[in-house]
Structure formats: structure tokens, C-alpha cells
Amino acid sequence: MSSHFSDNKHIGIAATFSELVGTDFNGDKNALCWFRNLEGDFNELVNKLQLNENITEVETIDLLALQLSEQGNKAREIILKDLKVLTDFGAAPVLNLLKCYERDDAFDFISTDVYSYHVDRSPVATDTFLCTYYGAASEIIPNEYAKQKILIPEIREQLKALHNGPSEDLEDFLKDNYFDLHYQVQPQATPINLGVGHLWRLAVDHPEKQVLPCIHRAPIEKEGEYRLLLIC
């Protein structure tokens, strides 16, 4: 599986957390993967954690309160270690147990929810980290196989009509409503599934960016199955 990732010019492979955070993005590479085959029963964690909403933030105290088998405890220790190294690095990791995200169905010609291919934006030079421990995993797409939806003529015309204001304010309108973050993927493109257990670092859109932001999306969840996801 690691060779599947490393064969892609957009993806770099890291052997350690230090390498994951210490490697610069360059050229076409805008995604880095710390490839891992994790031990432990993450399904046990999912079954014993309580989902209060469609998305529940799992606190460290919630994890520590669980009575677990040896394999369940291994899974817990891995997550606790990931949370610690990311926090020590200066990130703000969140562990989510989720059934589904909220859908954006306000318009039939464009969507701004996380199921749509999109990039993340930050006002500072940071990156997105994520790891799926259980359930369906996120997907990324190479930038050359996607186009900003706001640059597609028929979508742009509908956004202009929606804006219904001075043309000089259009770009601000598109940015303020996050329309500019979303992409349409070419039919022949093959999404890259990020897999389970690997810790990823994805380039974001920010003022000092050296590479294009990584285009990604949340997966459609498997019916009856929750996801356990670390993200920051």
C-alpha cells in the first residue's frame, strides 16, 4: 500500500512523525503520509464510545474512562500518543466520533460541505493533519484533475446571479461564502483513498504557500458504521 502512495508524484512518504512535520512541501507534492500499520482494536473503541450528535468530540477523559481489552487498550494508547505529539508540535488535534457531517443542499449547482472536493484555507502558514482510525477514509485528488467551481462558466453565472451586487464585490462574495474553496473533478480522475491508520499532512491555501493546496473530501460513510477521525 505504501508503494501505491509513493508512486504518486503528489504524495511524500514519512517514516516518523518528525519526518512528517519536518519535510517541506515542494513541486507537485502537497500531501505527506506517515504510513503505519496500527495494532489494536479500534472497533472496540467505537463501540464503547457514545455518539451524542452526528459528530461527537471525544475528549481524552472519555478515552481514559473506557474499560477495554488488551487490544482495545493498544488502540487507545496509539490515539493518546498521536494527540500528544500533535499537541506538543503546536497543533490543536480533535478526535471525532461521527455518523455523518451536515449536508449543504441550499443550491443545486454548487455545494460547500465537506463531501465536496475542497481545499482548506488558513490565514497562517499551517497544514491540515488527519488520520482515520476506523471507518471510511477521506480521499484526495491531484490538482491537475480538478478545476475551481467558480471558474466553470455555467456555475459562475449562477453565482453572479446569486450575488446580485456590484461586479467589483463578486470575488469577496465568493470568498466570504467559501465557494472558491470547492472543485469539480474530471470524470476520468481516480481519487486516492487515504486509508486507515496513516497520519496525513495536507497543504492548505494560505498567503505564504509554496505549493498548491491539497484537494480532498470526506467519504460517504458506510451505512451503520461510524468513523473515528483525528483532525487538526
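Every chain is numbered independently, its residues counted from 1 as its sequence is written. Per-residue local features are limited, in this predicted model, to residues with pLDDT of at least 70; the limit for side-chain atom pairs, both in listing and counting, is 80 or more; totals at the level of whole chains, interfaces and linings are taken over all residues. Where side-chain values are given, they derive from all heavy atoms of the structure, hydrogens and water being excluded.

Draft legend 1. Spatial organisation of the overall build of the chain. Secondary structure elements are taken from DSSP: a helix is a run of H or I of four residues or more, a strand is a run of E of two residues or more, and numbering for both begins at the N terminus. Looking only at helices and strands, the chain has seven helices and 12 strands in total. For a compact globule of 232 residues, the expected C-alpha radius of gyration is about 17 Å, and the chain comes in at 19 Å, within 12% of that figure. Overall, the chain is about 60 × 40 × 35 Å in size when its C-alpha atoms are taken along their principal axes. Sorting the 232 residues of the chain into buried and exposed places 48% on the buried side. By definition, residues are in contact when any of their heavy atoms lie within 4.5 Å. Within the chain, residue pairs in contact and separated by at least 24 positions form 77% of the contacts whose partners lie at least 6 positions apart. Per-residue accessibility takes into account occlusion by the displayed protein chains alone, with areas from the Shrake-Rupley method and a 1.4 Å probe. When the accessible surface of the chain is split by element, carbon and sulfur atoms take 48% of a total near 12,300 Å². Each radius of gyration reported is based on C-alpha atoms, and the globular scaling rule is 2.2 Å times the count of residues to the power 0.38. Here the term buried applies to any residue with accessible area under 20% of the maximum for its type, exposed to any over 50%, and partly exposed to those in between, with areas from a 1.4 Å probe on protein chains only.

Draft legend 2. Main features of the sheet that holds strand 11 (residues 215-217). Any two strands with at least two DSSP-identified bridges between them are counted as paired. The strand order across the open sheet built from three strands is 9-6-11, with neighbouring strands paired in antiparallel fashion. Single-partner strands in this sheet number two, and they are strand 9 (192-193) and strand 11. Note that strand 6 (residues 139-141) and strand 9 share two bridges and pair antiparallel. For Ile140, the partnering residue across the bridge sits in strand 9 and is Ile192.

Draft legend 3. Highlighting the side chain of Lys149. For Lys149, the location among the structural elements is in the loop between strand 7 (146-148) and helix 6 (153-163). Excluding residues within four positions of it along the chain, Lys149 makes contact with Ile110, Ser111, Ser116, Ile155, His182, Tyr183 and Gln184.

Draft legend 4. Seen up close, the pairing of strand 5 (residues 127-134). Buried residues dominate strand 5, accounting for seven of its eight residues. Relative to strand 10 (residues 199-203), strand 5 runs antiparallel, the two sharing four bridges. Following the sheet pairing, Asp127 is matched in strand 10 by Ala203. Of the pairings in the sheet, the one linking strand 5 to strand 12 (residues 227-231) comprises four bridges and is antiparallel in character.

Draft legend 5. Spotlight on the nonpolar core. We call a set of buried Ala, Val, Leu, Ile, Met, Phe, Trp, Tyr and Cys residues a nonpolar core when their side-chain atoms join them within 4.5 Å. Ile79, Tyr133 and Leu228 are the most contacted members of the largest nonpolar core, which totals 32 residues. Only helix 2 (17-22), strand 2 (31-34), helix 3 (42-48), helix 5 (70-89), strand 4 (94-98), strand 5, strand 10 and strand 12 provide two or more residues apiece to this core. The dominant element in this core, judged by the number of residues it contributes, is helix 5, at six residues. Look past the residues within four positions of Ile79 in its chain and what remains in contact with it is Phe42, Leu45, Leu63, Leu95, Tyr133 and Leu228. With 16 residues, the next largest nonpolar core counts Ile11, Cys33, Tyr101 and Leu202 among its residues.

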